[in-house]
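Examination of the molecular architecture
So you can see what is in the structure, the chains are spelled out below.
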Amino acid sequence: MASFTFGAGNARKVLRLPLYALGALATLVTPRTRRLWVFGSGLGVGEGALPLYRAARERLGDDTRLVWLATTDAELATARGLGLDAERKSGWRGFRLTLRARVLVVTHGFGDVNRYATRGGFVAQLWHGIPLKKLHLDSPAALRVSFLPDHRLVRAAVARAFRVAGRGISLFTVASQLVAPRIASAFGVARDRIVVTGDPRDDALLTSAHAKGATGARSKGMRSTGTRSTGPRRILYAPTWRDGHPDPSAPDGETWDEIATWLEANDAELHVRTHPLGKGDYAAGPVLSDRVRMLGTAELLDITPALGGFDALITDYSSIAFDYALVGGPIVFLAPDVESYAKTRGMYDSYRVFSGGRHVTTWGHALTVLEDRLGEKNPGPHEAWLRNEYFDFTDGAATGRVLDEILVRTGMTRAGNAPAGTSVAGTAPAGAAPASTAPAGAAPIARPRVTDLSLGVADGIPSLTVVIDRAVSGARLDGPRARVDGEVRMSTGVTSTGVTSAVFPLLVERWGEPGLALPSGEYRVTLDDGSSRLSVEAPDTPELVHELFRATAGADAGGLVLRVGPPLAPDERGRAAQRRLEGAYRRSRPPLEDAVFLESFYGQSASDNPLGIDRALARLRPQTTRYWSVVDGSVAVPPGGIRIIEGSREWWRVRGSARVLIVNDWLRKRYRRRRGQRVLQTWHGTMLKRLALDRVGVGLRTRIAVRLERARWDALLAQNAYSAKHFRTAYDMRDPIWELGYPRNDVLQLPPAQLAERRAAVRRAVGVPEGARVVLYAPTWRDDRTEMVDYVDLTTFASRLGRDHVLLVRGHSRTLRYGQDLAGDRLIDVTSYPSMTELLLLADILVTDYSSAMFDFAGTGKPTIFFTPDLAHYSADLRGFYFDLLAEAPGPVVHERAELRDAILAAESGSRRDAEASGLAAAWRTRFTSLDDGHAGERVVQRLLDEGWLG
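Now for a quick tour of the structure. Position labels on residues start from 1 in each chain and follow its written sequence. Under the rules for a predicted model, residues below a pLDDT of 70 receive no local features and side-chain atom pairs below 80 are neither given nor counted, while totals for whole chains, interfaces and linings still include all residues. For the side-chain quantities, the full set of heavy atoms in the structure was used; hydrogens and water were omitted.

**Here's the deal with the overall build of the protein**
- When helices and strands are counted, the protein shows 31 helices and 39 strands.
- Whether a residue is buried, partly exposed or exposed follows from its accessible area with a 1.4 Å probe, protein chains only, as a fraction of its type maximum: under 20%, in between, or over 50%, in that order. Looking at the 951 residues of the protein, the share that counts as buried comes to 57%.
- Every residue pair with non-hydrogen atoms within 4.5 Å of one another is taken to be in contact. For the protein, contacts bridging at least 24 residues in sequence account for 67% of all contacts bridging at least 6.
- Summed over its atoms, the accessible surface of the protein is roughly 38500 Å², and 52% of this surface lies on carbon and sulfur atoms. Counting from the N terminus, the helices are the DSSP runs of H or I reaching at least four residues and the strands are the DSSP runs of E reaching at least two. Only the protein chains shown count as cover for residues, with accessible areas throughout obtained via the Shrake-Rupley method and a probe of 1.4 Å.

This is the structure:
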């Protein structure tokens, strides 16, 4: 178990507040001297602080005292054994040294030295790795206090403490411009104090002597001490810590047997390097096999300089992956809990991007991948990408650059004629001797330069045009759930390497619908080699405003970023503007108009039951205006519908004047009913999982919120009598429930000729090859995760279904704004496809878990397979069910990947369609879809008329 959690750490800081106050008072009356520097590291004697100490001692000589402040007697003895001037950081002596020192060098935080005496010192924060997982202000997990409730006021207080601490950091060094915004956001450090120097702890991996022999050293089995030797190939397993929870990758007995057998067969050793703050149970491994060895800090304190001695790395979310990319060996990403970890901790990059889309979830799969990759003599493409993308310097001279920055910023020396405080990263101070084998003034990695960019109209289409100072074969915009390939035009003869002009259209076709905006978000310009690192020398562009979007482009995080947002006017943007518009909405009393306000999944699409009702309204009540509430101009609306952008002045007006509001999820932004207005809540599926008040352990705040939301509804639409029954209890529904069937499923019951025509159109829009059998994988969302669940490694699974199959992957609407689309052979990610019903129309087989799609698909008569590897956890810990799925499911329920493939093939052959299965399927259809006869939309519109809602 972990020995540290954020909650416990923050609790200790709260209890120490009086000591912090006394220390701050002492700093006000005690002068600091430039002739004293103190160093410390949360790891011990190591990390970047150690090479910086040695470089400073060489540069500054005997005129300045450099003191290593140790936490324990053992660390103190180690420091003195290495020839360092060392003292204990606790007690009066450590307090006095920190209080007097001009420069304080830390790698983990102020606690690396004497935390109570840092105020007023020049704190040089080196950190201890490139962050993937979110830190401090960016992570909710870091804002907790163990003995206080997880309340927003507590989080706000902790966040304020982090910001105060961030203001005390004088210099924060990072590996690249890509990393700098993460540090600014996480620590609250001003951007002018964050300098790209490279990481001193990586210098040992990058010095010329090491770099020349690194690849050969791995193949010959360099030992962890850095010395060469022959022998078994050495595999390093280095998981990160999990904020107080055990490592789920820790092998059980059977898995240890599998690992030991593999190591013996491949003449390899597994060195287990657990994080210093979080230990899983690995004791059984070394007992079982002498090829499994623990490599804790007692055996090797600082792992980074020894990374070149390993032939491969297995890790999960650890920053060690970035460091090991400098070595060039293969990396296997083993992450069985990626979805839950991403939600609880948060990540700066999609894990799919970080791992190259190749992470595995079991040791067996990890060993298979490792066996394929061992012995590679050159860095793999993803390892090379990690090195190129995240490091601006690879010359092994970061220590010298950091020292230069400290000296200039403290006024101890100057860089040429530059005034003190000028950034000198990439330049050497006059007369300074280099502190490592490469010159401190070495230039960073040369990046392609953007010499010009513009937002405007190109060939009649709103576009971003980017000019790059070299020839590239391709460029694209990479963003959330969208990618735009640029039209590349190369010129030769202008420079020795050519010039490329890339034009990116900002109105695109999405799922067969032309002329739509890109979904709101940030898009990085990415070149054909996968790199998004560009040196932007062109000025930022002014805003381009279109009726469907607004966009700006400019330099950010070492690249070029296009920012796309909804086309809101200046007085409609931001919280203050929205408060004013909401206030006007609540005060106004506009006359009601013969109109309906339709919204589906919070405006992310124009789909589901509201779309089915829209179609019926268009036929039966064409004089009624149909307004569609959408988040931005990337959402297509049906013919005859009027798009209104959420938050716009028109959106607020229609919300107050439409006679009827039709929604399939909760209303938001403090809806207030006008006299004569009616709200029809259509919901979005028959339920297997428990809802709202029916869930176990629902808190008081949730109960109040549910009842307040229910009070906004005038009627609730149900697909069947079963749903109506549970809606009554789940939402304490006292108003009418209309049992009329689901309008969204009307298209599933079209006449055969129309059905075939619609299916062909969907096939073309999705891109399914003619004749391919379609397997639709559509799991529901998880309360403890953000991205879509993937228990089968979908990209691999799709390739093994057969060349005559296509796997469509559909995440839940709640996962739409997270992650990026999957890509693979015979796999199409349709998470952003607007209509789930049309995907059901296209599918030959549905694979789901607990999604309401199981009920809708029953009306097609085609087979459903239930893939439920987390059935016990989901039913007992997350949601609970209204009935026993195992007993009543109208198709096979499987738990393993191998079973799933067998079930798909069996369903296609018809071998499962015995009398019992047919009987269950028939009973299922009778119970849940008897009203889905193709006329539910008509019945709803007629009910609206009969009730006088539309007059």
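**Description of the side chain of Asp714**
- With respect to the helices and strands, the residue Asp714 is situated in the loop between helix H21 (700-710) and strand E31 (715-718).
- Residue classification places Asp714 among the buried residues on the basis of a relative accessible area of 17%.
- Contacts described as polar in this section are N or O atom pairs within 3.5 Å, which, within protein, must combine one atom able to donate a hydrogen with one able to accept it, while residues neighboring in sequence count only if both atoms come from side chains. There is a polar contact of 2.3 Å between the side chain of Asp714 and the side chain of Arg673.
- Reaching out from Asp714, the side chain makes a polar contact with the backbone nitrogen of Val679 at a distance of 2.7 Å.

**Some details on the sheet that holds strand E9 (residues 268-272)**
- By the convention used here, strands pair only if DSSP detects at least 2 bridges between them. The five strands are arranged E10-E9-E8-E11-E12 in an open sheet whose pairing can be described as parallel. Unpaired on one side and paired on the other, strand E10 (292-294) and strand E12 (331-333) mark the two borders of the sheet. Averaged over all pairs of adjacent strands, the angle between strand axes in this sheet comes to 20°, irrespective of strand direction.
- In this structure, E9 lies alongside E10, joined through three bridges in parallel fashion. Paired with Val272 across the bridge in E10 is Met294.
- The convention used is that axes are lines fitted to C-alpha atoms, helices contributing only their stretch in contact, and that angles between N-to-C directions extend from 0 to 180 degrees. Here helix H12 (residues 320-327) sits on the sheet in contact with strand E8 (233-238), strand E11 (312-315) and E12, set at roughly 165° to E11.
- Against the sheet, helix H15 (residues 363-373) touches E8, E9, E11 and E12, its axis set at about 160° to E12.

**Considerations on empty space enclosed by the protein**
- Note on definitions: the grid is 1 Å and covers protein atoms alone; a cavity is a set of points where a 1.4 Å probe fits but cannot get out; a pocket is an open set with protein on both sides within 12 Å along at least five of seven lines; lining residues have an atom within 4 Å of a point. Grid points are joined across faces, edges and corners, and a volume is the space filled by probe spheres set on the points. Following the criterion strictly, the structure yields seven cavities of 30 Å³ or more and no others.
- In this model, the largest cavity occupies a volume close to 110 Å³.
- Surrounding the largest cavity, 16 residues form its lining, Gly129, Ile130, Val174, Ala175 and Asp199 being those nearest its centre.
- For the lining of the largest cavity, the element with the highest residue contribution is strand E6 (residues 169-174), accounting for three residues.
- Under this grouping Gly is polar, as are all residues other than the nonpolar Ala, Val, Leu, Ile, Met, Phe, Trp, Tyr, Cys and Pro and the charged Asp, Glu, Lys and Arg. Of the residues belonging to the lining of the largest cavity, the class tally is ten nonpolar, three polar and three charged.
- Taken as a whole, the second largest cavity spans an internal volume of roughly 90 Å³.
- If you trace the second largest cavity, you find it lined by Ile331, Val332, Phe333, Ser355, Arg358, Val360, Val369, Arg373, His382 and Glu383.
- If you list the elements that add at least two residues to the lining of the second largest cavity, you get E12, H15 and helix H16 (381-390).
- Of the residues contributing to the lining of the second largest cavity, the split by class is five nonpolar, two polar and three charged.

**Points about the sheet that holds strand E26 (residues 593-599)**
- Reading across from one edge, E28-E27-E26-E29-E30-E31-E32 is the order of the seven strands in this open sheet, with parallel pairing throughout. Unpaired on one side and paired on the other, strand E28 (642-645) and strand E32 (737-739) mark the two borders of the sheet. Across the sheet, the mean angle separating the axes of adjacent strands is 25° when strand polarity is ignored.
- Judged from the four bridges that link them, strand E27 (residues 625-630) and E28 form a sheet pairing that is parallel. Each residue of the ladder has a partner; that of Trp628, found in E28, is Arg643.

**Observations regarding the pattern of salt bridges**
- Whenever Lys or Arg places a side-chain nitrogen within 4 Å of a carboxyl oxygen from Asp or Glu, that contact is recorded as a salt bridge. For the structure shown, the criterion picks out 49 salt bridges.
- Measuring nitrogen to oxygen at the nearest pair gives 2.7 Å for the salt bridge that ties Asp85 to Arg65. With Asp85 in the loop between helix H4 (73-81) and strand E3 (86-88) and Arg65 in strand E2 (residues 65-70), this residue pair connects regions lying 20 residues apart in the sequence.
- Taking relative accessible area as the criterion, Arg65 reaches 31% and is therefore assigned partly exposed.
- With a closest N to O distance of 3.1 Å, Asp732 and Arg710 form a salt bridge. With Asp732 in the loop between helix H22 (721-730) and E32 and Arg710 in helix H21, this pair connects stretches of sequence that are 22 residues apart.
- Connected via shared salt-bridge partners are Arg65, Arg80, Asp85, Glu87 and Arg93.

**What to know about helix H31 (residues 936-946)**
- Along H31, the positions that sit buried rather than exposed are Ala936, Gly937, Val940, Val941 and Leu944. With its buried residues spanning 135° around the axis, H31 presents them on a single face.
- In the core, the buried residues of H31 are packed alongside helix H19 (608-620), strand E29 (658-663), strand E30 (678-681), E31 and E32.
- Looking at the residues trailing H31, positive phi occurs at Gly948, about 80°. By definition, the arc is the one covered by directions from the helix axis to the C-beta atoms.

**Side note on unusual backbone geometry**
- One non-glycine residue, His136, adopts positive backbone phi at about 40°.
- With respect to the helices, strands and loops of the structure, His136 is situated in the loop between strand E5 (122-125) and helix H6 (152-167).
- A positive phi angle, close to 45°, is found at Asp267, a residue other than glycine.
- Within the fold, Asp267 resides in the loop between helix H10 (253-265) and E9.
- Using a relative accessible area of 38% as the deciding quantity, one classes Asp267 as partly exposed.

**Looking at a negative patch on the surface**
- Patch building starts from residues that exceed 30% relative accessible area and form no salt bridge, then joins like charges within 9 Å and nonpolar side chains (Val, Leu, Ile, Met, Phe, Trp, Tyr) within 5 Å. Note that His is not counted, nor are the chain ends; the positive residues are Lys and Arg, and the negative ones are Asp and Glu. Each charge is placed at NZ for Lys, CZ for Arg, CG for Asp and CD for Glu. On the surface, Asp252, Glu254, Asp257 and Glu258 cluster together to form a negatively charged patch.
- Along the polypeptide, Asp257 turns up in helix H10.

**What about the packing of helix H18 (residues 574-587) against helix H20 (residues 649-657)?**
- It is the contact of H18 with H20, at a shortest axis distance of 10 Å, that shows an interaxial angle of 25°. By the angle class used here, H18 and H20 are roughly parallel. As H18 packs across H20, the resulting crossing turns out to be right-handed. Counted together, Gln578, Leu581, Glu582 and Tyr585 of H18 and Arg649, Trp652, Arg655 and Gly656 of H20 form the full contact between these two elements.
- Residues belonging to the contact of H18 with H20 are distributed by class as follows: three nonpolar, two polar and three charged. Here roughly perpendicular refers to angles of 65 to 115 degrees, roughly parallel to angles under 35, roughly antiparallel to angles over 145, and oblique to all remaining angles. Two helices cross in a left-handed way if the nearer one is turned anticlockwise from the farther one by less than a right angle. They cross in a right-handed way if the turn is clockwise.

**Re the pairing of E2**
- Within E2, five of the six residues are buried, which leaves it mostly tucked inside the rest of the structure.
- As paired strands, strand E1 (residues 33-39) and E2 are joined by four bridges and run parallel to one another. Directly across from Val38, in E2, lies its bridge partner Val67.
- Here the term right-handed applies to a crossover when the path leading from its first strand over the helix to its second strand runs clockwise, the strands being oriented away from the viewer. Regarding the hand of the β-α-β motif, the stretch spanning E1, helix H3 (residues 49-60) and E2 is right-handed.
- Of the pairings in the sheet, the one linking E2 to E3 comprises three bridges and is parallel in character. Residue pairing for E3: Trp68 is matched across the bridge by Ala86.
- Since E2 and E3 lie parallel, the crossover through H4 that links them has a hand, and here it is right-handed.

**Notes on the packing of aromatic side chains**
- For Phe, Tyr and Trp, where Trp contributes only its six-membered ring, two rings pair if their centres lie within 6.5 Å, and the inter-plane angle classes them as stacked under 30 degrees, edge-to-face over 60, or tilted in between. Applying the stated criterion across every chain, the model contains 34 aromatic pairs.
- Their ring planes at 65° and their centres at 5.1 Å tell us that Tyr317 and Tyr351 sit as a pair that is edge-to-face. Placement of the pair is Tyr317 in the loop between E11 and H12 and Tyr351 in helix H14 (residues 351-354), with a sequence separation of 34 residues. For the residue pair Tyr317 and Tyr351, the accessibility class agrees, reading buried in each case.
- An angle of 65° between the planes, with centres 5.5 Å apart, marks the rings of Trp683 and Tyr731 as edge-to-face. Within this pair, whereas Trp683 is found in the loop between E30 and H21, its partner Tyr731 is found in the loop between H22 and E32, the two being separated by 48 residues in sequence.
- An aromatic cluster is defined as three or more aromatic residues linked by ring pairs; in this entry it consists of Tyr317, Phe322, Phe333, Tyr341, Tyr351, Phe354, Trp385 and Tyr390.

**Brief notes about a nonpolar patch on the surface**
- Among the surface-exposed residues, Leu19, Leu22, Leu25, Leu28 and Val29 lie close enough to one another that they form a single nonpolar patch of about 530 Å² accessible area.
- Locating Leu19 in the fold gives a position in helix H2 (residues 17-29).

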